[in-house]
Amino acid sequence: MSSTVKFLFISVFLLGGCTAGKNDGSAGKLKVGLVFDIGGRGDKSFNDSAYRGLEKAKADFDIYTEYVEPGSGADRESALRMFASRGFDLVFGIGILFTDDITRIANDFPDVDFVCIDYNISEGLNVPDNLAAINYSEQEGSFLVGSIAGLMTKTGTVGFIGGMDIPLIHKFETGFVQGVKEVNPGCRVLVAYAGVTGEAFKNPAKGKELALSQYHSGADIIYHASGSTGLGVFEAAREKDMLAIGVDSDQYHEAPGNILTSMIKRVDVSVYHIIRNKMTGQFEGGIKQLGLKDNGVGYIYDENNRFLISPDIISRVEELKRKIIDGEIEIQLEEK
Amino acid sequence: MKYLRRIAVPVFAAGLFLAAYGYYWNRYVVELDVVYTSDGHGHVFPSMMYKDGKKTAIGGMSALGNFLGRLKRDYLLADSGDIFQGTPEGILTEGRIVVELMDLLGYDVMAVGNHDFDMGRETLEELSGLAGFPMLGANIIDAGTGLNPGYIKDAFITELNGVKVGFTGILTQDMKFITMGENIEGLEFADPLETANESAARLRKKGAEIIILLSHQGAEKDMQLAEGLEGVDIVLGGHTHLKFDEPKKVRRVLICEPGCHFQYAGHLKIYYSIIERKIMSYSNRVVPLLASRYPGKKEIDEFISESFGELTARMNEVIGASDVLMLHRTYGEDSKNGELALGNWQTDMMRELTGCDFAFQNSGGIRAAIPDGDIRVRDVWELSPFGNTLVKMVLKGSQVRRLLEQSASAKQSRLQVSGLKMIYNSSLPEGRRVLNIIIKDEEAGLSEIEDEKEYTVVTNSFLAEGGDGYSVFSEGTEIEDTGLILRDEEIKYIKGNSPIHARIEGRMINVSLDEDW
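As a convention, each chain's residues are numbered from 1 in the sequence order in which they are written. For naming, the first written chain is A and the first written ligand is 1, with later ones following in the order written. Under the rules for a predicted model, residues below a pLDDT of 70 receive no local features and side-chain atom pairs below 80 are neither given nor counted, while totals for whole chains, interfaces and linings still include all residues. Think of the side-chain values as coming from all heavy atoms in the structure, minus any hydrogens and water.

Looking at the overall build of chain B
Then, in step 1: Per the convention used, a helix needs a DSSP run of H or I reaching at least four residues, while a strand needs a run of E reaching at least two, with both numbered from the N terminus. Of the regular secondary structure elements, chain B holds 15 helices and 27 strands.
Then, in step 2: Principal-axis analysis of the C-alpha atoms places the extent of chain B at approximately 95 × 55 × 55 Å.
Then, in step 3: Two residues form a contact once any of their heavy atoms are found within 4.5 Å. Contacts in chain B between residues at least 24 apart in sequence constitute 74% of all its contacts with a sequence separation of at least 6.

Regarding empty space enclosed by the protein
Residue and element names in this part refer to chain B.
Then, in step 1: Two kinds of site are reported from a 1 Å grid over the protein atoms alone, namely cavities, where a 1.4 Å probe fits but cannot get out, and pockets, open sets with protein on both sides within 12 Å along at least five of seven lines, and residues are called lining when an atom falls within 4 Å of a point. Grid points are joined across faces, edges and corners, and a volume is the space filled by probe spheres set on the points. Tallying each qualifying case throughout the model produces one cavity of 30 Å³ or more.
Then, in step 2: By volume, the largest cavity is sized at about 70 Å³.
Then, in step 3: Lining the largest cavity are Gln346, Gln361, Gly365, Ser384, Phe386, Gly387, Asn388, Asn460, Leu486 and Arg487.

Considerations on the packing of aromatic side chains
All names here are of chain A.
Then, in step 1: Two aromatic rings from Phe, Tyr or Trp, using only the six-membered ring of Trp, form a pair when their centres are within 6.5 Å; if the ring planes differ by under 30 degrees the pair is stacked, by over 60 it is edge-to-face, and anything between is tilted. Scanning the entire structure with this criterion turns up 18 aromatic pairs over all chains.
Then, in step 2: Arranged with centres 6.2 Å apart and planes meeting at 50°, the rings of Tyr64 and Phe88 form a pair that is tilted. One end of the pair, Tyr64, is in strand 2 (residues 63–68); the other, Phe88, is in the loop between helix 3 (73–85) and strand 3 (90–94), and 24 residues separate them in sequence.
Then, in step 3: A 1.4 Å probe rolled over the protein chains alone gives each residue an accessible area, and that area as a share of the maximum for its type sets the label: buried under 20%, exposed over 50%, partly exposed in between. Residue classification places Phe88 among the buried residues on the basis of a relative accessible area of 2%.
Then, in step 4: Geometrically, the ring pair formed by Phe176 and Tyr223 is tilted, given 5.0 Å between the ring centres and 35° between the ring planes. With Phe176 in helix 6 (residues 167–183) and Tyr223 in strand 8 (residues 221–225), this residue pair connects regions lying 47 residues apart in the sequence.
Then, in step 5: Taken together, the ring pairs connect Phe160, Phe176, Tyr193 and Tyr223 into an aromatic cluster.

Digging into the packing of helix 11 (residues 341–354) of chain B against helix 15 (residues 486–497) of chain B
All names here are of chain B.
Then, in step 1: Only C-alpha atoms enter the line fits that serve as axes; for helices the fit covers just the stretch in contact. Angles between N-to-C directions range over 0 to 180 degrees. Between helix 11 and helix 15, whose axes approach to 11 Å, the crossing angle comes to 90°. By the angle between their directions, the pair helix 11 and helix 15 is classed as roughly perpendicular. For the pair helix 11 and helix 15, contact is made by Trp345, Gln346, Met349, Met350, Glu352 and Leu353 and by Leu486, Glu489, Glu490, Tyr493 and Ile494, respectively.
Then, in step 2: Each residue receives one of three labels: charged for Asp, Glu, Lys and Arg, nonpolar for Ala, Val, Leu, Ile, Met, Phe, Trp, Tyr, Cys and Pro, and polar for the others, Gly being one of them. Looking at the contact of helix 11 with helix 15, its residues break down into seven nonpolar, one polar and three charged. For classification purposes, angles smaller than 35 degrees are called roughly parallel, those larger than 145 roughly antiparallel, those between 65 and 115 roughly perpendicular, and all remaining angles oblique.

Side note on the interface of chain A and chain B
Then, in step 1: Taken together, the contacts link 32 residues of chain A with 29 residues of chain B.
Then, in step 2: Within this document, salt bridges are pairs made up of a side-chain nitrogen of Lys or Arg and a carboxyl oxygen of Asp or Glu, the two lying within 4 Å of each other. Seen at the junction of chain A and chain B, the total is two salt bridges.
Then, in step 3: Across the pair Arg322(A) and Asp334(B) runs a salt bridge whose closest N-O atoms are separated by 2.7 Å.
Then, in step 4: Residues adjacent in sequence count toward polar contacts only when both atoms are side-chain atoms; beyond that, a polar contact is any pair of N or O atoms within 3.5 Å, and within protein one must be able to donate a hydrogen and the other to accept it. One can count seven residue pairs in polar contact (both at pLDDT 80 or more) joining chain A with chain B.
Then, in step 5: Every element with two or more residues in the side of chain A that touches chain B is listed here: helix 1 (2–26), helix 9 (267–279), strand 12 (297–299) and helix 10 (311–326) of chain A.
Then, in step 6: Across the side of chain A that touches chain B, the residue classes break down as 14 nonpolar, six polar and twelve charged.

Remarks on the pattern of salt bridges
Then, in step 1: A full pass over the atoms with the stated rule returns 39 salt bridges over all chains.
Then, in step 2: Between Glu284(A) and Lys288(A) there is a salt bridge, and its shortest N-O distance comes to 4.0 Å.
Then, in step 3: Given the relative accessible area of 25%, Lys288(A) is considered partly exposed.
Then, in step 4: In this structure, the salt-bridge partner of Glu302(B) is Lys298(B), at a minimum N-O distance of 3.9 Å.

A look at the sheet that holds strand 16 (residues 278–288) of chain B
Then, in step 1: In this description, strands pair whenever DSSP reports at least two bridges between them. Reading across the sheet, the six strands line up as 6-5-4-1-15-16 (chain B) and stay open at both edges, with mixed pairing between neighbours. Among the strands making up the open sheet, the edge pair consists of strand 6 (135–136) and strand 16 of chain B.

Topic: the layout of surface pockets
Left-over empty space is what a probe sized like a water molecule reveals as it rolls over the atoms.
All names here are of chain A.
Then, in step 1: Its volume calculated, the second largest pocket comes out at about 1,300 Å³.
Then, in step 2: In this structure, the second largest pocket is lined by 47 residues; those nearest its centre are Asp37, Ile96, Leu168, Ile169 and Phe201.
Then, in step 3: Of all the secondary-structure elements, those providing two or more residues to the lining of the second largest pocket are helix 2 (46–60), helix 5 (138–152), helix 6 and strand 9 (243–248).
Then, in step 4: Among the elements that line the lining of the second largest pocket, the one with the most residues is helix 6, at seven residues.
Then, in step 5: Residues belonging to the lining of the second largest pocket are distributed by class as follows: 17 nonpolar, 17 polar and 13 charged.

Describing the confidence of the model for chain A
Then, in step 1: In this model, chain A carries an average pLDDT of 87, and 90% of its residues clear a pLDDT of 70 or more.
Then, in step 2: pLDDT: the predictor's confidence for each residue, scored from 0 to 100. Confidence drops under pLDDT 50 across residues 1–26 of chain A; counting only partners more than four residues distant or on other chains, this segment forms 14 contacts.

Quick word on the side chain of His267(B)
Residue and element names in this part refer to chain B.
Then, in step 1: Relative to the assigned elements, His267 resides in strand 15 (residues 264–273).
Then, in step 2: Looking at His267, its side chain comes within polar contact range of the side chain of Asp33, at 2.7 Å.
Then, in step 3: Excluding residues that lie within four positions of it along the chain, His267 makes contacts with Asp33, Val34, Val35, Tyr36, Phe67, Leu71, Ser283, Asn284 and Arg285.

Considering the nonpolar core
Then, in step 1: Counting 72 residues, the largest nonpolar core has Leu64(B), Phe67(B), Phe84(B), Met102(B), Phe117(B) and Trp345(B) as its most contacted members.
Then, in step 2: Elements that contribute at least two residues to this core include exactly helix 2 (61–69), helix 4 (96–105), helix 5 (121–130), strand 10 (187–189), helix 9 (298–315), helix 11, helix 12 (377–383) and helix 15 of chain B.
Then, in step 3: We define the nonpolar core as a collection of buried residues of types Ala, Val, Leu, Ile, Met, Phe, Trp, Tyr and Cys that are connected through side-chain atoms lying within 4.5 Å of one another. Among the nonpolar cores identified, the runner-up in size contains 70 residues, and Phe61(A), Val115(A), Ile221(A) and Ile314(A) belong to it.

Structural notes on the packing of helix 2 of chain B against helix 4 of chain B
All names here are of chain B.
Then, in step 1: Taken N-terminus to C-terminus, the directions of helix 2 and helix 4 make an angle of 5°; their axes are 10 Å apart at the nearest point. As summarised for this structure, helix 2 and helix 4 are arranged roughly parallel, according to the angle between their axes. Of the residues in helix 4, those touching helix 2 at Met61, Leu64, Gly65 and Leu68 are Val98, Leu101, Met102 and Leu105.
Then, in step 2: Of the residues in the contact of helix 2 with helix 4, the class split is seven nonpolar, one polar and no charged.

Remarks on the pairing of strand 3 of chain A
Residue and element names in this part refer to chain A.
Then, in step 1: Summarising burial for strand 3: five of the five residues are buried, a large majority.
Then, in step 2: Inspection of the sheet shows strand 1 (residues 30–35) paired to strand 3 by four bridges, in the parallel sense. Counted as the bridge partner of Val35 is Gly93 from strand 3.
Then, in step 3: Where strand 3 lies against strand 4 (residues 113–117), five bridges are found, and the strand directions are parallel. Within the sheet, the bridge partner assigned to Gly93 lies in strand 4 and is Cys116.
Then, in step 4: For crossovers, right-handed means that the path from the first strand over the helix to the second runs clockwise, given strands pointing away from the viewer. Following the backbone out of strand 3, through helix 4 (residues 99–108) and into the adjacent parallel strand 4, one traces a crossover that is right-handed.

Encoded structure:
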């Protein structure tokens, strides 16, 4: 009896193996489509980071890629649809503005996998299984650059300049302020926002004006989370020979010597990892929260800025990082 | 009814096919059992495995005996090297206890590993003479004769269930970096791929139907090797202590890795058709030899206590305690930094003993965890099995910087440090990764290392010779071997300073964000 069961089992196993083998052999290249946020490539920040991830994946794996830089809102949705209906396997939408469109389209194309970088998580919005909704814990990285600022300020005053006054940017502010206070409870933090519309992310003149005002009020280090508005912050830092902290990508080269560090979001790494997982059949939908623990956010310390920050401060910041990862420090976010 | 009629023929045909297939399978396919181990490192007794704060006793040669005793059929038993050295039993008997137990367990064949040379070539030669099975190393060549040295064979054929199985063995070509020079003087290590293919061709000629390569060069290299292997069916690997629950398949070659310290027994079943004379399929399991499931086998335990009882009793003597469990490998965030509490403890002690400015120890030389609670002589022997001595020298600041640069790029063999603190970024280009080297002085406070200044340095005799590729040590001046044996000093130190304690304290900080990208 047992030998009958055994040969049946083995036979079925072998037959199953044969059919699976045939399917594998006929598969072609993985097709990956990517739709950029407004601004597109060349922003030296968020979009370029996504592009780096795509390029690295293309270099490392045998995949076919296409990308689109949309102009207005309607293009975003049609670009996503275009990729999905042309039989792409994996489609990226880069930026918080994709949230609603990509959720809807993911429901319309259940056989295609989607990824939204900076997904706007809100109650009542169900994330379908074929959508990876990526969200970064910007408050954690901001906390660390805040602690650097708090340890380094000579005037006891530092500044924060946000782009558009929305909850996503408040995460940067609130993390930064708590990081400053953790190491320097008496330190003053000046806060300003460039506006209440999308324009607030691309207004360098406004950025410069706000930064000059903060430097004038005694701040010696300013952290910005304001897209290309920040280029104005850097210009002010250069003019006044003060310090600024960059955001999203490493912005050292925008004002060498005046950029203390940058709080970076590893959009490149996320894009790369998701493509790799898709390649190996390990794509997972649902909400993904990426923080310090996953190297999803972090700060820069390298050969450029090691002359600006003392190693003692790095040791201290690494201790704080460990505490955040271990849950010993909790960063309070504002109520949504 | 109509429906039934429609499917009756296909069902009948399928049934016929299955029945025929089953008949064929039962009658003409033989099952060949191969049990495989590697990197036993003298672990006669179970070792402790630490995971998620729990400790579990696992493995050992006696447990393996229990496992083998439960197999109902004949099997082949093979090992992929590094079997003699690593525990006091292995070292103090110069491998004799291991070879005697291997014979008792019925080993058919083994490959020679790098650590099998640790007690000198003469010892290995003696062990080979004692062993009732061949030791393989097809690419180990005597530079004088151009042949394998007499005590090492290139290949071996045996028979199981009427099928001729051929074995060959290869050893990593990294030998000159990872082994003390004197132990391999006059030996050369030929190209593993060429050697294995030649050896496989010879085995085929002699009638071997299945060819198994015992490889002691690490899982990753085994996978690369398999891309070019011709005639070899199966690689049973070792060296990197990895365990493959599912064997990997590269082209037609099956690659199996069984872990280390006899913690697991690899059990491969080969289904071989005696009509077609070819391998039909495999099944494989890697069985954890948990002490709770596989207690020691009685006759083996009796043999050990009769022949080596005094020795094992001496090794179980408690010499002190530790107030914390200190692991010999890094986990999670710590892997990125590379700092070990055990490394801090060792290097601080080395510096205290010699009064040097800095101490360095290779992470790969830290071989076992120190438990919290009682420490036995055995634990220290397993931690520091090599018998290395402490060597002092003078290095310039710039040379120390080069050492640490190299360490910042050496994932597996980073240096443990005392007397300084380093911050590095492993995602920067090689050679530019170290950002700060800071010296703490009781009086002067913190300062960066000075390139032109001379510092006194203590390290172990393996590194002093340029081991693990750290050739900067061989540039040192005023080199002095203190004759102090690290292991003996550790035993003394624990006796005098119990309970010992050490922590990870941020001596090595890697600020990279790109660990697995």
